[in-house]
Amino acid sequence: MEVPVALCLFLVITLLVYARIGFSKIVSSYGMWFEPGYWVNYNIVEALAWVAKAAVILPGLIWQKEIWQLHIITLVTSALLIWVSERKLLPTMVAFNTLWIGLSSIVVVRNVL
């Protein structure tokens, strides 16, 4: 029962937001991934960090399993994101990744010591 309800909630919220923005703008945004000039250093690091964080979060949400070793990767990608974000330097990106470095540090130390 949880999966269908969660899927419904996801679809309703996503469709409402996409409709408000405009589906053509959303498609154009996703299309940027396929433009050669998009994949510069900070966008590559951002994509790697996103994948690493998803790899940490999803097993916990779906199977209630923590793969603590992945936090080593998120430590690196979060630090790199702060470094490369000097191009964008959005305070939310800096703060979120600083928080993530702290969280990953706790998980890594808890499992190593």
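Along every chain, residues carry numbers that run from 1 in the direction the sequence is written. This being a predicted model, a pLDDT of at least 70 is required before a residue's local features are given, and a value of 80 or more before pairs of side-chain atoms are given or counted; all residues contribute to the totals for chains, interfaces and linings. To obtain the side-chain values, all non-hydrogen atoms of the structure were included, while hydrogens and water were left out.

(A) Region of interest: the overall build of the chain. Within the chain, the secondary structure is distributed over five helices and zero strands. Under the DSSP-based scheme used, a helix requires at least four consecutive residues in state H or I and a strand at least two consecutive residues in state E, with every element numbered from the N terminus. Sequence-ordered secondary structure for the chain, helices as α and strands as β, is α-α-α-α-α. Here the globule rule reads 2.2 Å times residues to the power 0.38, and the radius of gyration is calculated from C-alpha atoms. At 17 Å, the chain has a C-alpha radius of gyration far larger than the 13 Å of a compact globule built from 113 residues. Along the three orthogonal principal directions, the C-alpha set of the chain runs to about 50 × 45 × 25 Å. Here's how the labels work: a residue is buried when its accessible area is under 20% of the maximum for its type, exposed when over 50%, partly exposed in between, all with a 1.4 Å probe on protein chains only. Expressed as a percentage of its 113 residues, the buried residues of the chain come to 22%. With residues, only the protein chains shown are counted as cover, and all accessible areas are computed by Shrake-Rupley using a 1.4 Å probe. Entry remark: accessible area of the chain is about 8,500 Å², with carbon and sulfur atoms responsible for 76%. His is not counted here, nor are the chain ends, while Lys and Arg score as positive and Asp and Glu score as negative. Taken as the charge location is NZ of Lys, CZ of Arg, CG of Asp or CD of Glu. On the chain, the mean spot of the 7 positive side-chain charges and the mean spot of the 5 negative ones are 4 Å from each other.

(B) Layout of the nonpolar core. The biggest cluster of nonpolar side chains holds six residues, and these are Tyr42, Val45, Ala49, Leu81, Val84 and Met93. For this core, the element with the most residues is helix 3 (residues 41-63), which contributes three residues. What is meant by a nonpolar core is a set of buried Ala, Val, Leu, Ile, Met, Phe, Trp, Tyr and Cys residues, joined one to another through side-chain atoms within 4.5 Å.

(C) Broad picture of the environment of Val76. With respect to the element layout, Val76 can be found in helix 4 (residues 70-84). Spatially, the C-alpha atom of Val76 lies 10.0 Å from that of Val45, the residues being 31 residues apart in sequence.

(D) How the structure looks around unusual backbone geometry. Positioned with a positive phi, Gln64 is a non-glycine residue whose angle comes to about 55 degrees. If you trace the backbone, Gln64 turns up in the loop between helix 3 and helix 4. A relative accessible area of 63% means that Gln64 is categorised as exposed.

(E) Representation of the packing of aromatic side chains within the structure. We call Phe, Tyr and Trp rings a pair once their centres come within 6.5 Å, taking the six-membered ring for Trp, and we label the pair stacked below 30 degrees between planes, edge-to-face above 60, and tilted otherwise. Applying the stated rule across the entire model yields four aromatic pairs. Ring centres of Tyr38 and Trp39 lie 4.9 Å apart, and the angle between their planes is 90 degrees; on these two criteria the pair is classed as edge-to-face. Under the relative-accessibility criterion, Trp39 is labelled partly exposed at 36%. Members of the aromatic cluster, each reached through a chain of ring pairs, are Tyr18, Tyr30 and Trp33.

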